[in-house]
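Coordinate analysis (summary)
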Amino acid sequence: MSTDISTREGLFKVMAQIAAEREAAKPIVAELLQRDEPPWDDDIPQEWKTAGFVDELTKAAAGILEKDPAKTLSLLHFAFGLCSNLHDRNSSIVAMHLNAVCLKHTAYTHQFQGSLNEAARAIKVAIRNVDDVRALDHEQTNANFVLAGVLMRQRRFDEAVAVLRRCEERYTEFGDRSRLVRCQILWGAIANTSGDYQSAIERLSAVVTEASQIEDVHTRMTAHENLAIALHHTGRQADAIAELDRARGLAASMPSELDRVDWVRAGFMIDTGDREQFVDALDELRRIRAAFLERQMIDDAGLVGLDMVDLLVALERREEARDLTEDVIAELAHPGLETFASRALAYLRELIPASPKARAAIRHVKSYVLRARSTLSVEAFSPLDDN
Amino acid sequence: MSVLEAGNTTSRLVDRGIDFDAVYDEHISLMIGVAVDRFHIAEADAQALAHEIFLAYFLKAEEIRDVRAWLLGGICNASRDFIKKRKRDVSLAPEMLNRSDPRQTRAAETLPDQIAAREAFACVTPRCQLALRLRYLEGYSIAEIATELKTTPKYAQNLVSRCLQMARDRCGIKREGD
């Protein structure tokens, strides 16, 4: 039976029990992190069926996202399964909180790997599960904040804005300044992604100073990176590079984010139209793609690959471009994209050897992939009109 | 590091560097007072709400910078929600008072199923806990489970079937009609 927390004694009994479970879990979780896979097919020891254990495991899994996203997802799945053992222990608030936090990190990991539909599904389940739990309003808002980010990446801007607006209201009620700063940065990122660069500059310039006071390095890095992109698109190249350098400095301890910042920099180099810079950008993209593939960030690796194909065509290394295209299309052929894979492959294979419009076609395919991975119902692929 | 620091007459809960007794003593009266004075909630209900919020705070205390603002924001939101739900409550007519809740009429039939489902989760492997949870508690389709686990729908279907069988074998849960 759940412990009654309406008395001080009951409340502290539950909290002390969870604190003790967390302590007991630490060495076991540390040992689990060393394994290649959690023990999926063993019987679960009794001491693992506790809130403290699930909490420690979830935090530990989230903590290795940058280093090993595949292991993070595996451990989060394992922790999520263990949530099934928490019904009758502690208080239902504890079980629901842990369930939501686990799903939130699962969604974030999917997003990190570029699996936006899976991210959206997980975070919507998290939001639904705590919908009627008044004490978990803040956690539900955190889940909604993750949803806003996923919707932005899915280019569903109106929905992202609506969700983000609700988050801001809630965080204001909680007096949560650091989360409100994160909201401002997401506003800037939405403006950027939707092409409203001037608005992005205004929002992000206003918030970078305040962001420098919060501890979350990732958030600060994101602010500078987005500001750099907006400045680049409005022709303020020197300022853009300076912001990107700041982002790079902050990303030093986050290898995947560092690679993403370098991907942005390579994009700036491509936009110069300077062939010498193309060669440097190509080397950089090759390194980034290999790193993404190693971390199983398949979609992003594929998109980097398409940038490389674009550069190889620009450098008239068309045979390499065609070979790489086939690799990329094969990598991107996950469920839902098979139709795209076969048609787009045939389309690019025909164009790359000789067409003067090959670069436009590659960008057309890249933009199709970005759209296709953001929706479960993939529209049919159609070639460029003027081809 | 979490400890129950034993004093002469009492022990204190200190976890992740936070003295929860001190935070409780500093804020709980204020939280209850806000619920009672501003939202006109009965003191016993207000205390229960405040304790729920405090437990939620405990679970994520290391993320919260402004504790006072967070706890006050939490109790205000919880109080609003409490009042909203209470307004939806309608008093029962006197003749209804002795009738049972229609939702509970099948309780005797469904309760064993619910207990059995929980027991089923408890006695299968972690892989099966995940598969059964995704399928039966979170409403994932077989195709969605396959995507989530980065496998094929056929494998996902087999996994769920195998896990159901494991639950039946290990927990003695009967099939419908057995």
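Anything mentioned here points back to the structure above.
Our subject in this report is the structure included herewith. (Residues numbered from 1 in each chain as written. Chains lettered and ligands numbered in written order. Predicted model: local features only at pLDDT ≥ 70, side-chain atom pairs only at ≥ 80, totals over all residues. Heavy atoms only, no water.)

**Points about the packing of aromatic side chains**
Worth spelling out the cut-off: Only centres within 6.5 Å qualify two rings of Phe, Tyr or Trp (six-membered ring in Trp) as a pair; their planes then separate them into stacked at under 30 degrees, edge-to-face at over 60, and tilted for everything else. For helices the rule is a DSSP run of H or I covering at least 4 residues; for strands it is a run of E covering at least 2, with both sets numbered from the N terminus onward. Only protein chains enter the accessibility calculation, which uses a 1.4 Å probe; a residue is then buried when its area is under 20% of its type maximum, exposed when over 50%, and partly exposed in between. For a ring to carry a charge above it, either NZ of a lysine or CZ of an arginine must fall within 6 Å of the ring centroid while also lying within 35 degrees of the normal to the ring plane.
This structure, assessed with the given rule, holds twelve aromatic pairs over all chains. Pairing Phe174 of chain A with Trp70 of chain B gives two aromatic rings, centres 5.4 Å apart and planes at 40°, and the pair type is tilted. Of this pair, Phe174 of chain A sits in the loop between α7 (157–173) and α8 (177–193) while Trp70 of chain B sits in helix α3 (residues 67–88), each in a different chain. Looking at Phe174 of chain A, the relative accessible area reads 2%, which means it is buried. The exposure class of Trp70 of chain B is buried, given its relative accessible area of 2%. Here a set of aromatic residues connected by ring pairs shows up, and it is made of Phe12 and Phe174 of chain A together with Phe20, Tyr24, Phe54, Tyr57, Phe58 and Trp70 of chain B. Over the aromatic face of Phe112 of chain A sits the side chain of Arg260 of chain A, whose NZ or CZ is 5.2 Å from the ring centroid. When the ring centre of Phe80 of chain A is taken as origin, the NZ or CZ atom of Arg133 of chain B, which lies over that ring, is 5.0 Å away.

**Considering empty space enclosed by the protein**
Sizing a probe to match a water molecule and rolling it over the atoms shows the empty space that remains. Rule in force here: Definitions used throughout: a 1 Å grid over protein atoms alone; a cavity as a set of points that fits a 1.4 Å probe which cannot get out; a pocket as an open set with protein on both sides within 12 Å along at least five of seven lines; a lining residue as one with an atom within 4 Å of a point. Grid points are joined across faces, edges and corners, and a volume is the space filled by probe spheres set on the points. In this count, Pro and Cys sit with the nonpolar residues alongside Ala, Val, Leu, Ile, Met, Phe, Trp and Tyr, while Asp, Glu, Lys and Arg are called charged and the others, Gly among them, polar.
Taken as a whole and assessed by the stated rule, the structure comprises one cavity of 30 Å³ or more. Considering the residues around the largest cavity, the lining is formed by His77, Phe80, Leu103 and Thr106 of chain A together with Leu130, Leu134, Tyr140 and Glu148 of chain B. In terms of residue class, the lining of the largest cavity is built from five nonpolar, two polar and one charged.

**Describing α8 of chain A**
All names here are of chain A. Filter applied, for reference: Here a helix's expected span is defined as the number of its residues, less one, multiplied by 1.5 Å.
In this model, α8 (17 residues) spans 24 Å end to end at C-alpha, consistent with the 24 Å of a helix rising 1.5 Å per residue. Counting buried residues in α8 gives 14 out of 17 residues, a clear majority hidden from the surface. Where α8 ends, the next residue or the one after it, Gly195, has phi of about 90°, a positive value.

**As for the packing of α7 of chain A against α8 of chain A**
Residue and element names in this part refer to chain A. We apply this condition: Each axis is a line fitted through C-alpha atoms, taken for helices only over the stretch in contact, and angles between the N-to-C directions span 0 to 180 degrees. What sets the label is the angle itself: under 35 degrees gives roughly parallel, over 145 gives roughly antiparallel, 65 to 115 gives roughly perpendicular, and the rest give oblique. Handedness of a helix crossing follows the sense of rotation of the near helix relative to the far helix, less than a right angle counterclockwise being left-handed and clockwise being right-handed. It only takes one pair of heavy atoms within 4.5 Å for two residues to be counted as in contact.
It is the contact of α7 with α8, at a shortest axis distance of 10 Å, that shows an interaxial angle of 165°. Our classification of the angle between α7 and α8 gives roughly antiparallel. Regarding α7 and α8, the two cross each other, and that crossing is left-handed. In this structure, α7 uses Phe157, Ala160, Val161, Leu164, Arg165, Cys167, Glu168, Tyr171 and Thr172 to contact α8, whose residues at the interface are Arg179, Leu180, Cys183, Gln184, Leu186, Trp187, Ile190 and Thr193. Of the residues in the contact of α7 with α8, the class split is eleven nonpolar, three polar and three charged.

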